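# Descriptive structure summary
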Amino acid sequence: MRVVGRLVGILWLLGISQANPINQPQEETTIRQSKAQEILRYMNTTADPCEDFYEFTCGNYGKYHTPSQENPKIGVMQNLQTKMKEKLKVLLAARDSPSDTAIDKQAKIFYRSCLNMAANNQSHADKRKAIAHEFGQVPILMEQEGVAWPAENFDWLHTVANMAHKLGVVVLLEFGVAIDFANNSVNRLYISQQEFPVPSKAIYLKEEYKPLRDHYKNAIAADLMVFLNVSAELATQAADAIVDFECMLAEGMMDAQEGLGMAELYKLMTQEEAFKKYASHMDIKKHASDVFGPLPEDLKVYMQHDYFVHLHSTVSKVPKSTLANYIFYKLLKNFIFVQPETEEKRQNECLDAMKKYFFKNLDNMYYRHQITSDSGKGISEIWQQLKNSYQKSLESTELNWIQEDTRKYAVKKLQAMSIEILSYEHYDFNKTHGNLSLDEHDYIGNLRKMLEVMAAIERAKINEPPQSIDFGQQVSMTPVHMVLENAIKVPVAFLQPQTTWSQHFPNALNYGSMGSVLAHELLHGFDDTGRTYDLRGNNYEWWDSESSAQFDNRTKCLRTQYTGYSYGGHQLPDMANQGENIADNGGVRMAYQAYMNWFNNAKPSMEMETLPGLNYTNWQLFFIGYAQIWCETTLEEFQSAMASMDAHVPEKMRVIGPLSNFEEFSKAYQCPLGSGMNPQKKCKIY
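Here's what I pulled together on the structure shown here. Fair warning: this is a prediction, and the values are worked out from it, not measured in the lab.

We now examine the nonpolar core. Counting residues in each nonpolar core, the largest one holds 210 residues, and the members touching the most others are F53 and Y686. In this structure, F181, Y190, L265 and Y302 belong to the second largest nonpolar core, which totals eight residues.

Here's what the structure looks like:
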C-alpha cells in the first residue's frame, strides 16, 4: 500500500508539472492543483468504482479526519462549519473597527464574556439558582437544603407559561406564532410538542439504545452536581427520574421518520373551538395570553392533538416533584456552560454557545468579510441551468408518467421557485437588538439578556404580518428548501471559497458538488411532502390521482432499495417519507443534465474541464465531485443511533444509492450490468 501511495503521489506531481497552460493565472493554477491534491488524497484508487464508488472516492477520508466522543461524526459538511468557525473566531477577537455595526460590537462583548467565565465559580451557581427562584421553588435544591418542597403550590402550566413569556424558554408544550402552512398570507397560533434533545423515538424507547440513555442521565447528574452544587446521590436520583419522564413523553412525540405531513399533525380551529375542546385539559386561552399577552380575535389555532393529549396523560402519572425538577432543569440548561481546559476548545465552545443568539449577525459578519460577489454569481448561473434542465424534463416525454395538466402546474411552480443567500444584509438589527447592552464580565447576565431579546421578538409576532421562517438556529451548513415559501435559502457557510464551488474549478466539479446540492433542494418542492404545496407555498393537493398513484408506486421501489442497506450493524429503518432519497436520486440526475447542457452550449476546453494529475474525464470528475461532498467518518458505536435519528440515510448510501440507479454513471465508468454500482433493477422518480 505504501508503494501504491508513493506511486500515486509521483503521478500527481508529474501531472502538475505538465499542466500549467500558457497565460493561465498563477492563482488559478494553484487553486486547481490544490483541489486536485485534496480529491486524490481522499480517494482509495485501489477500490473498484463499479463495485463501491463511495470507497473509491472517500476510502481514505478517515485517514485525515478522526472522529472523537465530542465530535463522533466528521464529514465535508462538518468541515465547512469548522472552517467558518476559525474565521469567525478571528473576527470576534479583533478590536472594534469603524466597519463594525452596533450588533457586531455586542457580539464581541458576548464572546469575551464567555471566554472570561471562570470554571465552577460559586457566584455563577448562585446566579443560576436566583434565576430559577424567579419562577418558583425547585424540589431538588430544597431537598439539598433539607427543606420540604410544597407540592401543593406548584402549577406547572403557570410556570412554563411564565418562562416562555419572560425568556422564551419552551418546556413540555410550545405556543408559537408562525405562518399558516395552508395559507401563508396569515399567521396562526401553533400548539405543539417541545423540542426534544433527541429527535427519535427509537433512542428513547428501544432497549438497544439504553447505553445512550444512561450517558444522557450521567450528563444531567453531572450538570446538577457541578453547576448547582447538588450532592451526587440526589443528582443521580433526579437525573434518572428526569430522563425516565422524558422517555414517557417521547412515546407521544412526532418523529420525522414517521413521515407525517403538516395536515396530518395539526388541526385548524377557531380560538373558541380549541378552548372548548380542551377545556378539561387546560385553559388554553389563559395560557396563550400568559405567553403572548392579549390574542387577536381572528387568530386561529393549529393544535398538535395527539401530543397534547399524551402530554396531559403523562403529566398525571409522575410525582409533581419530578415534573418540577424536569421543568427547572430545562430552564437552567440555558445557563449551563462547560468550560474546556484549553483555550482553543474554550473558543470553540463559546462560539457554539453564541450561535443560538447571534446566528443572523454571525452569518452577516461572515458574509461581509469573507464572501465575494463571484460566489453569488456562480450560484445564480448554476441555479438557472438547473431550473432550465428540470423544465425541459417536465415538458418532454421523460416524465410522462405524470399527467400533462399536473406537469404544466409543476412548471409554473418551478418558475416561481426562488433562491436567496442568507446574508441578512437588509435585516434591521437595530429594531430587534437596538437597546442591547452587554457586560464582558457577566456571562450569565448576558445569557439572560439575550433570552429576553429573543422572547420579545417571538411575542411581537402575535401582532405582526407573516414572516419568513428562520432556520438559522439549526446552524445548517447546506441550502434548505423552505416549503412554505417555495424558496431555497443558502447559508453563507456553503459559499466558502474553494470548497463546493470556485470560478477556477472545472464546471464538472461545480455542478457535481454545488449543483447536485441545489438540485436536491429544488426537488424537495416536488417530493412526497413538497408536491402537496402549491407555487405560493400553500398546502394544496394539485396532483391528479393517477399521477399520485404512479408517484407512490415508484416511491416503493426506493423504500425497498434503501431498507436493503445496512449501517452500524443494523438494516436502515423503513422510512415512510422518502423525500430525502427522492431528492438525492433526482438531484444528481438533474445536476448532470444541467452540466451536460452547459457543456454542449459553452464548448469549453477539455483541459479546463479536468484537473491536473487526475486521469479522469470531465464526466467521471462530475461524479467524483458529487461523491466527495458526502465523504465522512463516524465512530462505530454511534453509527446505528445516527441512522435512526436522521431523515437522511448515511452518507455512503447517499452516494451508492443514487449512482447505482443512474445509467449515465455506469456509462462514465463503464460498469458492467450486474456489478455493484450497475444493478439490473433501478429506481427512478425524477
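Alright, that's what it looks like, and here's the rest.
This part covers the pattern of salt bridges. According to the stated counting rule, one finds 32 salt bridges in the structure shown. For K489, the salt bridge identified is with E420, shortest N-O distance 3.5 Å. Of this pair, K489 sits in strand β8 (residues 487-491) while E420 is found in strand β6 (residues 418-422), placing the two residues 69 residues apart along the sequence. Look at K489 and you get buried, because its relative accessible area is 4%. For E420, a relative accessible area of 39% puts it in the partly exposed group. Members of the salt-bridge network, linked through shared partners, are K85, D352 and K355.

This next bit is on the packing of helix α5 (residues 76-93) against helix α6 (residues 102-115). Orientation of α5 relative to α6, taken along the N-to-C sense of each, is 100°, at an axis distance of 9 Å. With respect to α6, the element α5 is oriented roughly perpendicular. Listed contacts from α6 to K89, L91, L92 and A93 of α5 are A107, K108 and Y111. In terms of residue class, the contact of α5 with α6 is made up of five nonpolar, no polar and two charged.

The first and last C-alpha atoms of helix α24 (residues 545-563) sit 27 Å apart over 19 residues, in line with the 27 Å expected at 1.5 Å per residue. Buried within α24 are the following residues: S547, S548, F551, T555, C557, L558, Q561 and Y562. All buried residues of α24 fall inside an arc of 170° around its axis, so they share one side. Relative to its buried face, α24 has exposed residues pointing more than 90 degrees away, namely S545, K556 and T560. Those residues of α24 that are buried are in contact with α20 (404-416), α25 (579-602) and α28 (651-660).

Take the state of the cysteines next. Applying the stated criterion across every chain yields a total of four disulfides. Between the sulfur of C50 and that of C671 lies a disulfide, 2.1 Å long from S to S. Across the disulfide from C50 to C671, rotation about the S-S bond amounts to roughly -85°, and the bridge is consequently left-handed. Taken as a pair, C50 in the loop between α2 (26-42) and α3 (53-58) and C671 in the segment after α29 (663-669) lie far apart in primary sequence, 621 residues in all. For C58, the disulfide goes to C631, at an S-S distance of 2.0 Å. Residues C58 and C631 are joined through a disulfide that is left-handed, its torsion about the S-S bond being -80°.

Criteria and cut-off values
- Residues numbered from 1 in each chain as written.
- Predicted model: local features only at pLDDT ≥ 70, side-chain atom pairs only at ≥ 80, totals over all residues.
- Heavy atoms only, no water.
- Core = buried A, V, L, I, M, F, W, Y, C linked by side-chain atoms within 4.5 Å.
- Buried < 20%, exposed > 50% of the residue type's maximum accessible area, 1.4 Å probe, protein only.
- Salt bridge = Lys/Arg side-chain N within 4 Å of Asp/Glu carboxyl O.
- Helix = DSSP H or I, 4+ residues; strand = E, 2+ residues; numbered from the N terminus.
- Axes fitted to C-alpha atoms, helices over the stretch in contact; angles between N-to-C directions.
- Parallel < 35°, antiparallel > 145°, perpendicular 65-115°, else oblique.
- Contact = heavy atoms within 4.5 Å.
- Nonpolar A, V, L, I, M, F, W, Y, C, P; charged D, E, K, R; others polar.
- Expected span 1.5 Å × (residues − 1).
- Arc of directions from axis to C-beta.
- Disulfide = S-S within 2.5 Å.

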